[in-house]
Structures are given as C-alpha cells and as structure tokens.
Amino acid sequence: MSVLVFLATATLGDPVRAILGRDYNSNPGRVAELEQLLNTDANVVSRYFDWLGGLLTGDPGVSLASGQPVGELISDSVVNSAVLVLLSAVVMIPLAFGLAMVSAHYRRRRPDTVIQTVLLAMAGLPEFVIGVLLIALLATSVLTVLPAVTITSPTGSPWDNPDVMVLPTLTLVLWVTPYVSRIVRASLLEVIDSDYVELARLKGIPEKVVIRKHALLNAIVPGIQVVALQLAFLAGGVVIVETLFSYPGVGLQLVDAVRNHDVAVVQALSMIIAGVYVVVNLVADLLSILLTPRARTAISS
C-alpha cells in the first residue's frame, strides 16, 4: 500500500519543476532549496524508506505550500471527514436495514416494487449528481432552506452550524443506502425461504418474531460486509462530496494539495484513506466471525 502511494506520487514528474513552473529556470536558489527539502537527488528506494520511516514515527514531512508540519496541517481535516462519515453511517445503516426489512416483508407486492424501483434508480446516480440535485432542490432553485456550501470560521468546526452538515451527509446517505439495502434484502429473502425459518413458522412463532430473531440475525453478516465496503468507499468518496460542498475535510484538502503540488500532504492523506479502508474491512471480518457460530466453532477447534 505504501509502495503504491509513494510510486504514484513519485512518478508524476519532477516535483520541483511542477511547484516552480515558469520560475524553475530563473530561480536556481529556490530550485536548490526545494531539491534539498524534497531530497530529490537521492534514488527512489532511499527516498521511499526515508518517507516510510518518517511516516511510521509520526513525521509525514513538511507541507511545501504552507511550510507547516503535515501532521498539524491535516489533523482538523481528518476529524471533520471522520465526523461526516460517522454521521452518514449513523443515518444510513438503520435506514438501509429498515428499507430491506419492509421490502422483504412485502415481497413481490406494491411496497416492495416501489422501494426497489426507487433504490435501483438511485443506485445509478453518482454522488456528484445527487449532490447537485439536492443543492437545486433544497438550497437554490426550488427551496432555499439549507446552505449550498460549508462556511466555517478559521478556528471553528463545520458542526458548529448543523445546517451546513445536512446536504453533505444526505448526499452520502442517498449514495450508499441503495447498495446496502438491496444486498440486505437479498440476504433476508434467502434466509426467509430456508428450512429452519419455515420450521419456526410451523411452530406457531409470530411472523414479526421470525423475521427479527431468526431471519435478520442470520442475514446480518452479509449486511456487515457490505456496510464495511460502503464505509470504506465513503472514505474515498468524500473527495468529490467535500469538494462540491466546500466541506473542510480530507477530500477538499487533498484536491488543494494536488493543485499546489504539495507532495507530502498528498502522500499523507492517501495513506490515511488507504488505512481507513484496511481497518474498516478488518473490523468487518472480525464482526462476521463473532456473529457466525460456524466460524467461531472452526476457530476454537
């Protein structure tokens, strides 16, 4: 992972020439200063291990654009993005599971058809289209009840004004809910048609109890896996959403760093996004093992 991030940023060309642009030939002093700072004279392998060593010791380098340590520069953005993703997950998970349960309960009837049609249509929309539609609907053309962009004070946080959190959160929720809900519904229907659920019905157990205790618990493992995949997807997907709403998070800062050829910031933010992807999937695997009796038995034996 670290090799890919480093090579992807190292192969973009000479960072000093990209930073100075037209001033590259007319300002040799600044060229020498940046080459020393970026250690461009060393070979790629040496530069990689220097960068990796700094990363592992908590020193991802210094921002070329601002001159500040990268760790201090990105800390607020990481917190802001984490809050946005967490808030989206808190809304998305119960909404997706609730829609899946209603849809499975009314299988092949009108509520199921309506829900699946809407979810299928939404699943085909990319996040920036959903965001633009929400801005037109709730912030500009139709209604003006919410701010179209995130405006915060330099020392404040986005959630100081809860109104600015609504549209970015709603965009992410509407973007990932269709995928989670459709997969959970498919898992529920598979479990509902199984023999042990039919046996529970024959014993006279009420249908609501059958769905809640027998079907949902067995269908929750695939749901956890797809929720984890979507949360990991959100970690990268916030780049477009944060840019669209000018939300001061990892995504917006990553775009600014790429524009400014701030290699150290791009590398640090890319590693954070990749790390979130790995950690979320690892947690999902552990939860799947804990919630699957067969897997627990296999490990314990």
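Below is a summary of the structure that appears in this document. Source: prediction; values computed, not measured.

1. With respect to the nonpolar core
Reasoning step 1: One finds Met92, Leu167, Leu172, Val180, Leu188, Leu231 and Leu234 to be the most contacted residues of the largest nonpolar core, which totals 42 residues.
Reasoning step 2: Apart from the residues lying within four places of it in its own chain, the contact partners of leucine 172 are Leu84, Ser88, Leu234, Val238 and Val241.

2. Notes on the packing of aromatic side chains
Reasoning step 1: Taken as a whole, this structure holds one aromatic pair when the rule is applied.
Reasoning step 2: Aromatic pair tyrosine 48 and phenylalanine 49: ring centres 5.2 Å apart, planes at 70 degrees, arrangement edge-to-face.
Reasoning step 3: Judged by relative accessible area, which is 12%, tyrosine 48 ranks as buried.
Reasoning step 4: Phenylalanine 49 sits in the exposed class, given a relative accessible area of 53%.

3. Notes on the pattern of salt bridges
Reasoning step 1: Taken as a whole and judged by the stated rule, the model has three salt bridges.
Reasoning step 2: Across the pair aspartate 193 and arginine 107 runs a salt bridge, and its minimum N-O distance is 3.0 Å. With aspartate 193 in the loop between helix 8 (163-192) and helix 9 (195-202) and arginine 107 in the loop between helix 5 (70-105) and helix 6 (110-123), the pair connects residues that are 86 residues apart, well separated along the chain.
Reasoning step 3: Arginine 185 is paired through a salt bridge with aspartate 112; the nearest N and O atoms lie 2.9 Å apart. Linking arginine 185 in helix 8 with aspartate 112 in helix 6, this pair joins segments that are 73 residues apart in sequence.

4. Observations regarding the environment of serine 66
Reasoning step 1: Relative to the helices and strands, serine 66 is located in the loop between helix 4 (44-56) and helix 5.
Reasoning step 2: On the basis of relative accessibility, which here comes to 39%, the residue serine 66 falls in the partly exposed class.
Reasoning step 3: In the structure, serine 66 is positioned 157 residues away from glycine 223 in sequence and 43 Å away in space, judged by C-alpha atoms.

5. Focus on the packing of helix 5 against helix 6
Reasoning step 1: At their nearest, the axes of helix 5 and helix 6 sit 8 Å apart, and the two run at 140 degrees to each other. In this view, helix 5 runs oblique relative to helix 6, as classed from their interaxial angle. Like other packed secondary-structure pairs, helix 5 and helix 6 cross with a definite hand, here left-handed. Contacts from Leu99, Val102 and Ser103 of helix 5 reach helix 6 at Asp112, Ile115, Gln116 and Leu119.
Reasoning step 2: Per-class residue counts for the contact of helix 5 with helix 6 are four nonpolar, two polar and one charged.

6. Re helix 6
Reasoning step 1: Helix length check: helix 6 (14 residues) gives 20 Å between terminal C-alpha atoms against 20 Å at 1.5 Å per residue, within 8%.
Reasoning step 2: Burial in helix 6 covers these residues: Asp112, Ile115, Gln116, Leu119, Met122 and Ala123. Each buried residue of helix 6 sits inside an arc of 130 degrees when the element is viewed along its axis, so together they form one side. What points out from helix 6, more than 90 degrees from its buried face, is the exposed set Arg110 and Ala121.

Scoring rules and cut-offs
Along each chain, residues carry numbers from 1 onward, in the same order as the chain's sequence is written. For a predicted model such as this one, the threshold for reporting local features is a pLDDT of at least 70, and the threshold for listing and counting side-chain atom pairs is 80 or more; totals across whole chains, interfaces and linings nevertheless cover every residue. Side-chain descriptors were evaluated using all non-hydrogen atoms of the structure, hydrogens and water having been removed beforehand. Definition of nonpolar core: a set of buried residues of the types Ala, Val, Leu, Ile, Met, Phe, Trp, Tyr and Cys, connected through side-chain atoms within 4.5 Å. Burial here depends on accessible area, computed with a 1.4 Å probe over protein chains only, as a share of the maximum for the residue type. Under 20% is buried, over 50% is exposed, and the range in between is partly exposed. Here a residue-residue contact requires only that any non-hydrogen atoms of the pair lie within 4.5 Å. In summary, the pairing rule links any two rings of Phe, Tyr or Trp, Trp by its six-membered ring, whose centres are within 6.5 Å, and it sorts them by plane angle into stacked for under 30 degrees, edge-to-face for over 60 and tilted for everything else. Throughout this description, the term salt bridge denotes a Lys or Arg side-chain nitrogen within 4 Å of a carboxyl oxygen of Asp or Glu. Starting at the N terminus, helices and strands are each numbered in turn, a helix being any DSSP run of H or I of at least four residues and a strand any DSSP run of E of at least two. Between N-to-C directions, angles span 0 to 180 degrees; the directions come from axes that are lines fitted to C-alpha atoms, helices contributing only their stretch in contact. Note that the term roughly parallel is reserved for angles under 35 degrees, roughly antiparallel for angles over 145, roughly perpendicular for angles of 65 to 115, and oblique for everything else. Two helices crossing with the near one rotated counterclockwise from the far one by less than a right angle form a left-handed crossing, whereas a clockwise rotation gives a right-handed crossing. Ten residue types, Ala, Val, Leu, Ile, Met, Phe, Trp, Tyr, Cys and Pro, are classed as nonpolar, four, Asp, Glu, Lys and Arg, as charged, and the remainder, Gly among them, as polar. By definition here, a helix of n residues has an expected span of 1.5 Å times n minus one. Working note: the arc is built from the helix axis to C-beta atom directions.

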